[in-house]
Every structure is written in structure tokens, then in C-alpha cells.
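Given next are the chains, with one letter for each unit.
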Amino acid sequence: MKLVVVAAIVAALAVPGALAATPTLNGTVGPGFTITLKKSGVKVTKLKAGKYVFKIADKSSIHDFHLKGPGVDKKTGVGKVVNVTWTLTLKKGKYT
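Thresholds, definitions, all that
- Counting restarts for each chain, with residues numbered from 1 along the sequence as it is written.
- The predicted nature of this model means local features are confined to residues of pLDDT at least 70 and side-chain atom pairs, given and counted, to a pLDDT of 80 or more, with totals for whole chains, interfaces and linings taken over all residues.
- The side-chain values count all of the structure's non-hydrogen atoms but skip hydrogen atoms and water molecules.
- Numbered from the N terminus, helices here are DSSP runs of H or I no shorter than four residues, and strands are runs of E no shorter than two.
- Any residue under 20% of the maximum accessible area for its type is buried, any over 50% is exposed, and the rest in between are partly exposed; the area is computed with a 1.4 Å probe on protein chains only.
- Any N or O atom pair separated by 3.5 Å or less is treated as a polar contact, with the protein-specific requirement of one donor-capable and one acceptor-capable atom, and with residues adjacent in sequence counted only for side-chain atom pairs.
- Contact criterion: two residues are considered in contact whenever any of their non-hydrogen atoms come within 4.5 Å of each other.
- Put simply, buried Ala, Val, Leu, Ile, Met, Phe, Trp, Tyr and Cys residues joined by side-chain atoms within 4.5 Å make one nonpolar core.
- Any two strands with at least two DSSP bridges between them are considered paired.

Q: Run through the side chain of threonine 76, naming residues and quoting values.
A: On the secondary structure map, threonine 76 appears in the loop between strand S6 (72-75) and strand S7 (82-90). Residue threonine 76 is classed as buried on the basis of its relative accessible area of 5%. A distance of 2.5 Å separates a polar atom in the side chain of threonine 76 from a polar atom in the side chain of aspartate 58. From its side chain, threonine 76 meets the backbone nitrogen of phenylalanine 65 in a polar contact 2.9 Å long. Beyond its immediate stretch of four places on either side in the chain, threonine 76 contacts Ile56, Asp58, Asp64, Phe65, Val82, Val84 and Trp86.

Printed below as a string of C-alpha cells:
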């Protein structure tokens, strides 16, 4: 009986974390020569390792949005104006 109660408490405590939304980052390239990455409207300069949704608006036909770092090499195409969404798990390290 005690084991069932403990298991129910552990399950109840685990649910909020499982339901937490994955943070969304909004990236834009162009038009022109601007490239931005923002979280809730604030410029991103550091992120903790973890899972993120990247929503990229590539508005430039002469540039791309390129994210490169440990285990990640994602980019939009040069010559294309597109909107893409990537769900990525970032590891500790430097990304450009």
C-alpha cells in the first residue's frame, strides 16, 4: 500500500515537468544584412543546454540562417525565402 502511494506522488510530481512547453526561439535573416535570434522578444546571447524549438523566418534570397555547434549543423538555403521550424536539443558548447 505504501509503495502505491509513493508511486502516485512521484508520478504526480513528474507530470508538470513533462507538460512544460519547449522554449521557442525566433530567428530572422533579412531582408538585407540582419540576422537575429530572440526568445520572448529578447536577443539571445546565451542558452542552457536543452531542447528548443527554432522558428526561422528567412526573408533574404542572398543569405541563409545557419546554426552550427556540437552535434548541430542546420541552415536555410541561400536563394530561398522560407519559414522553417526545427526542434533541436542543444548540448553544452559554443554555437554560431
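Q: Describe the nonpolar core, and please don't skip the residues or the numbers.
A: Core analysis: the largest hydrophobic core is formed by 13 residues, its most contacted members being Phe54, Phe65 and Leu88. Only strand S1 (24-29), strand S4 (50-58) and S7 provide two or more residues apiece to this core. When neighbours within four sequence positions are excluded, phenylalanine 54 is seen to be in contact with Leu25, Leu37, Leu67, Val84, Thr85, Trp86, Leu88 and Leu90.

Q: I'd love a proper account of the sheet that holds S7, names of residues and values included.
A: Pairing is mixed across the open sheet formed by five strands, whose spatial order is S3-S2-S1-S4-S7. The sheet terminates laterally at strand S3 (42-43) and S7, the two strands that pair on one side only. The sheet contact formed by strand S2 (residues 35-39) and S3 spans two bridges and is antiparallel. Looking at S3, one finds that lysine 38 is bridged to lysine 43.

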